[in-house]
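So you can see what is in the structure, the chains are spelled out below.
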Amino acid sequence: MSEREFDNLDQHQRLAQEALQGLPRPQADPDFRARLKAQFVAGEIPESHLSEPEAAPSRQFPRWTAWVGLAAAAVLAVALVGINSLPGPQLVTTNGVGSVTIDGRQLAANQPETITAALRPGAHIQVGEGSSLDVLYPGSFVMRLGEGTDLVLPPRPGRWYNRTVESTLAMGEVSVRTGPGLAGGSLTVTTAEARTVIHGTLVSVLRNDAVTCVCLFEGSAEVLTEKAALGEVPRGMRWVMFRDGSDPQLMEIMPAHQDHMLGLDAACATIFDKP
Amino acid sequence: MTQASPSPDRHPHPPLPAAVLIGARDGDPTALGKLFEACFDDIFGLAVRMLGDRTQAEDVVQEVFLRLHRSAATLDVSRDPRPWLRTLTANLCRDHWRSFGAKVNRGSVPVDEDPAQGQPLVHPGPTPEAETLAGQRADRVQAAIDQLPDDLREVVVLRGYQDLAHDEIAEMVGASPAAVRKRYSRALGALGELLKDIWP
């Protein structure tokens, strides 16, 4: 106890401190003391309600096993990512003698090998005048890109997760026929006016200078605009969203468009088993 | 049998010979016995003063030595284990205060009137009158300590009774030395208020 501390105390505090210092040291019951000492020396002190359970001795592993474990976990993670990804885009067919620009590289539409080599998930594709392109995501869907289409391909859909993929349509028309591999997932085609969420269907999304049009031949597709969720497109109908901001309109699919979509459906019959 | 030494020496801590610690670490019974003797009184006194109850203090002391024995094989023979044991004791006492049973029983069995012991804590002094007075005074002081809030009681026992330095207490209770000083000052004030009628 320092003098300074002592000097700072008032009378009551000082007396209290003296009382504390004058407390006798309690002496233990000799029997308790002797018993505890014997138990301590023998290592036989019983556990009480205060006791923590004795920790089980930890198994010691060599340090290298941690690195091997980490490496195995990394390999497993990479393998899982690889296994999860369904195949990427493959060229089914090209039509016309124009050009197709993929990621800025202009390619001849009648040279499927070069187009096949250039295709990749997320590729930016511009289909020239007089050409069209059918792109297959094996098992999941076929996308038919009409002439004048400017579109970014979706990424690879996942087998167990990342089942929702998105493609951006800047201009032109993309028709989609979904396959059994998309069950439980979806493909969203986004334009400036609308997002079309495609679950399992034969659908066409078209964008020109005036409108975005979503035509549903069969199945299920949901349309959302910036202002509202228009909901499911009725079978055989199309939602027309105007670029000038006019209210969307629900119309019947034009007969010529029906024929176009039936053509895609027929082409896909050899690719997917029809339901 | 319960006794109290009339003039407490709170620093009966000659350095523990390294041979004792090494022997205890290696499980030598003689060394373990010496280690026990070197630590027991200090730990028991602290537990009794913090808890105000001998039975509970015995439980705590038993637990402290159980943990010491479990840790003996990994003892750092270059360091005195007693500060660690005091911290362990204080922690166990704090756990006890927080337990439901302690809140229910608080103050029900004054330390120096424990019927199980059958006699007062304080050993008789030179004369019957003096010993009675000394015993009554110790009882009052302990009863006053027991009435303090937990945080004040802890500091007042560690500082005022055990005479530990503020820094050491601060480390034990997880507070700054300045906070410990303030707490101790408040504790002394509260204790002085509780005991004012016994001053001459």
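In the block above lies the structure referred to throughout.
Model, not experiment: these values are computed from the prediction. Residue numbers restart at each chain and count upward from 1, following the sequence in its written direction. In the order they appear in the text, chains get letters beginning with A and ligands get numbers beginning with 1. It should be noted that, the model being predicted, local features are given only for residues of pLDDT at least 70 and side-chain atom pairs only at 80 or more, the latter also being counted only at that level, while totals for whole chains, interfaces and linings use all residues. The side-chain figures draw on all heavy atoms in the structure; neither hydrogens nor water molecules are used.

Help me understand the interface of chain B and chain A, please; the structure alone is not making it clear to me.
Quoted interface sizes are often the accessible area lost when the parts come together. Contact between two residues is taken to exist if any of their heavy atoms lie within 4.5 Å; hydrogens are not considered. With 57 residues of chain B at the interface, the matching set in chain A holds 39 residues. We define a salt bridge as a side-chain nitrogen of Lys or Arg found within 4 Å of a carboxyl oxygen belonging to Asp or Glu. At the boundary of chain B with chain A, the tally comes to four salt bridges. For R33 of chain A, the salt bridge goes to E37 of chain B, with nearest N and O atoms at 2.5 Å. Here a polar contact is taken to be a pair of N or O atoms separated by no more than 3.5 Å, where protein atoms must pair a possible hydrogen donor with a possible acceptor and residues adjacent in sequence count only if both atoms sit in side chains. Our enumeration of links across chain B and chain A arrives at eleven residue pairs in polar contact (both at pLDDT 80 or more). Helix and strand assignments follow DSSP, with helices taken as H or I runs no shorter than four residues and strands as E runs no shorter than two, numbered in order from the N terminus. Of all the secondary-structure elements, those providing two or more residues to the side of chain B that touches chain A are strand 1 (4-5), helix 2 (29-51), helix 3 (54-71), helix 6 (128-147), helix 7 (150-161) and helix 9 (177-194) of chain B. Split into classes, the residues belonging to the side of chain B that touches chain A amount to 27 nonpolar, 13 polar and 17 charged. Each residue is assigned to one of three groups, with Ala, Val, Leu, Ile, Met, Phe, Trp, Tyr, Cys and Pro labelled nonpolar, Asp, Glu, Lys and Arg labelled charged, and all others, Gly among them, labelled polar.

Explain the environment of A221 of chain A here, please?
Residue and element names in this part refer to chain A. Tracing the backbone through its elements, the reader meets A221 in strand 12 (residues 211-225). A residue is classified by how much of its surface remains accessible, and A221, at 0% relative accessible area, is buried. Along the sequence, A221 and T188 sit 33 residues apart, while their C-alpha atoms lie 9.2 Å from each other. Per-residue accessibility, obtained with a 1.4 Å probe over protein chains only, is compared with the maximum for each type, and a residue is labelled buried under 20%, exposed over 50%, and partly exposed between these values.

Explanation requested: the nonpolar core in the structure shown.
As a rule of thumb, soluble globular proteins bury nonpolar side chains together. Membership of the largest hydrophobic core comes to 64 residues, with the highest contact counts inside it found for L35, F40, V61, F65, V156 and L191 of chain B. Counting residues per element, this core draws most heavily on helix 2 of chain B, which supplies twelve residues. With sequence-adjacent residues up to four places away left out, L35 of chain B is seen in contact with F40 of chain A together with L16, V20, L21, A24, L68, L75 and P81 of chain B. Within this scheme, the nonpolar core is defined by two criteria: the residues are buried Ala, Val, Leu, Ile, Met, Phe, Trp, Tyr or Cys, and they are joined through side-chain atoms within 4.5 Å.

For this particular structure, what's the right way to read the layout of surface pockets?
All names here are of chain A. Volume-wise, the largest pocket comes out at about 280 Å³. With a 1 Å grid laid over protein atoms only, a set of points is called a cavity when a 1.4 Å probe fits there but cannot get out and a pocket when it is open yet has protein on both sides within 12 Å along at least five of seven lines; lining residues have an atom within 4 Å of a point. What lines the largest pocket is a set of 14 residues, and nearest its centre among them are E193, T225, K227, F242 and G245. Class assignment of the residues belonging to the lining of the largest pocket gives a composition of six nonpolar, three polar and five charged. Grid points are joined across faces, edges and corners, and a volume is the space filled by probe spheres set on the points.

Teacher, can you tell me more about the pattern of salt bridges here?
All told, the structure shown has 21 salt bridges over all chains when counted by the stated rule. Residue R70 of chain B pairs with E47 of chain A through a salt bridge whose shortest N-O separation is 2.3 Å. In this pair, R70 of chain B sits in helix 3 while E47 of chain A sits in the loop between helix 3 (30-42) and helix 4 (63-84), so the two residues belong to two different chains. E218 of chain A is paired through a salt bridge with R235 of chain A; the nearest N and O atoms lie 4.0 Å apart. Of this pair, E218 of chain A sits in strand 12 while R235 of chain A sits in the loop between strand 13 (229-232) and strand 14 (237-242); the two residues are 17 residues apart in sequence, bridging distant segments of the chain. Under the relative-accessibility criterion, R235 of chain A is labelled exposed at 63%. Where salt bridges share partners, they join R33 and K37 of chain A together with E37 and D41 of chain B into one cluster.

How should I be thinking about helix 2 of chain B in this particular structure?
One turn of an α-helix holds 3.6 residues; hence residues three or four places apart share an orientation. Residues and elements named next belong to chain B. The span expected for a helix works out to 1.5 Å for each residue beyond the first. Compared with an ideal rise of 1.5 Å per residue, which puts 23 residues at 33 Å, helix 2 spans 31 Å between its outermost C-alpha atoms and is within 8% of the ideal. Of all the bends in helix 2, the greatest, near 40°, is centred on C39. Counted residue by residue, helix 2 has 17 buried out of 23 residues, so it is predominantly covered. Phi for G52, located one or two positions after helix 2, is positive at around 70°. We define the bend at each residue as the angle formed by axes fitted to the 7 residues ending at it and the 7 residues starting at it.

Looking at this model, I keep getting lost on the state of the cysteines. Mind explaining?
In a disulfide, the sulfur atoms of two cysteines are covalently bonded to one another. By disulfide we mean two sulfur atoms from cysteines, separated by a distance within 2.5 Å. Using the criterion set out here, one finds zero disulfides over all chains in the structure. The cysteine C215 of chain A is free of any disulfide, with C213 of chain A supplying the nearest cysteine sulfur at 3.4 Å.

I would appreciate a short explanation of the packing of helix 7 of chain B against helix 9 of chain B in the present structure.
When two helices pack together, their arrangement is given by the angle between the helix axes and the distance between those axes. Residues and elements named next belong to chain B. To get an axis, a line is fitted to the C-alpha atoms, and for a helix only the part in contact is used. The angle between two axes follows their N-to-C directions and goes from 0 to 180 degrees. Relative orientation of the contacting elements helix 7 and helix 9 amounts to 95°, with a least axis distance of 8 Å. The orientation of helix 7 with respect to helix 9, classified from their angle, is roughly perpendicular. Two secondary-structure elements touch here, helix 7 through D151, L152, V155, V156, R159 and G160 and helix 9 through V180, R183, Y184, R186, A187, L188 and L191. Split into classes, the residues belonging to the contact of helix 7 with helix 9 amount to eight nonpolar, one polar and four charged. The scheme is simple: roughly parallel for angles under 35 degrees, roughly antiparallel for over 145, roughly perpendicular for 65 to 115, oblique for anything else.

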